[in-house]
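One letter stands for each residue in the lines below.
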Amino acid sequence: LADKIFIVHCGISPDKFVPQRSHAQPVPNIVSLSSLEFINMPEVTLIFATTLSSFMIILSFRVLDLKGSPVTKFLHKPNRIVDDETLQRSIRGHGNLVEYAPLFLILMFILELSGAPQTQLYFSGVAFTVGRLMHGIVFSFLNPNMFLRIGGMALTFVGFLGLIRTSIMLLL
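A quick note: this is a predicted structure, and the numbers were derived from the prediction, not measured. (Residues numbered from 1 in each chain as written. Predicted model: local features only at pLDDT ≥ 70, side-chain atom pairs only at ≥ 80, totals over all residues. Heavy atoms only, no water.)

Draft legend 1. Examining the overall build of the protein more closely. Helix and strand counts for the protein come out as four helices and two strands. Secondary structure elements of the protein, listed N to C terminal, follow the sequence β-β-α-α-α-α. (Helix = DSSP H or I, 4+ residues; strand = E, 2+ residues; numbered from the N terminus.)

Encoded structure:
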């Protein structure tokens, strides 16, 4: 049984995987991992989830550094002074990504598994990711810049609206 896994009913339709039983007696809910054929690997969502997660780690590291974490003290002078506004802006840059990215990725994941056109998913994903990069960079690393802030939010909304449009098209 070492190479067996338990398949728990979680709403996945049976046509998403095809178990191949090699025993004479069927064993309920147990199939060989090597006998599963997965369809609809959500690779578009994986690309954007990986990119956004990497950026989130960078923003988290920035917040830790500005808070004076001992993990990052080797990166700057020991007597460095960080003003409160810089710290608060960095926290908000990180927080904004953490607030927007999960819902976007969940919607993208559902659409990808529903068979939405990859071109539309990539368009929305690129717009959202570039928007979050612009917004996160201006809040966490730069002085206030309205072009990057407003442009970042606009692209974020374009990405969301692209997914919402795709959702509506699939529902109709």
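Draft legend 2. Structural view of helix α1 (residues 43–66). An ideal rise of 1.5 Å per residue puts 34 Å on 24 residues; α1 measures up with 35 Å between its terminal C-alpha atoms. Where α1 is concerned, the buried positions are V44, T45, F48, L52, F55, L59, R62, V63, D65 and L66. Here the buried face of α1 lies against α2 (84–113) and α3 (118–140). (Expected span 1.5 Å × (residues − 1). Buried < 20%, exposed > 50% of the residue type's maximum accessible area, 1.4 Å probe, protein only. Contact = heavy atoms within 4.5 Å.)

Draft legend 3. Structural context of the side chain of R132. Among the secondary structure elements, R132 is positioned in helix α3. E99 provides the closest opposite charge to the buried, salt-bridge-free R132, at an N-O distance of 7.0 Å. Not counting residues up to four positions away in its chain, the partners in contact with R132 are L52, F55, N96, L97, Y100, G152, M153 and T156. (Lys, Arg positive; Asp, Glu negative; His and termini not counted. Salt bridge = Lys/Arg side-chain N within 4 Å of Asp/Glu carboxyl O.)

Draft legend 4. Summary view of the packing of aromatic side chains. If you walk through the whole model with that rule in mind, you get five aromatic pairs. Centroid distance F104 to F128: 4.0 Å. Interplanar angle 5 degrees. Geometry classified as stacked. Of this pair, F104 sits in helix α2 while F128 sits in helix α3, and the two are 24 residues apart along the sequence. Owing to a relative accessible area of 0%, F128 belongs among the buried residues under this scheme. Relative to F160, the ring of F128 has its centre 5.5 Å away and its plane inclined at 90 degrees; by these criteria the two rings are edge-to-face. Of the two residues, F128 is situated in helix α3 and F160 in helix α4 (residues 146–171); the sequence distance between them amounts to 32 residues. The exposure class of F160 is buried, given its relative accessible area of 12%. (Phe/Tyr/Trp six-rings, centres within 6.5 Å; stacked < 30°, edge-to-face > 60°.)

Draft legend 5. Focus on the packing of α3 against α4. Look at α3 against α4: their axes get within 7 Å of each other, and the N-to-C directions meet at 155 degrees. Taken as axis vectors, α3 and α4 run roughly antiparallel relative to one another. Seen along the crossing, α3 lies across α4 with a hand that is left-handed. (Axes fitted to C-alpha atoms, helices over the stretch in contact; angles between N-to-C directions. Parallel < 35°, antiparallel > 145°, perpendicular 65-115°, else oblique. Left-handed = near helix turned anticlockwise from the far one by under 90°.)

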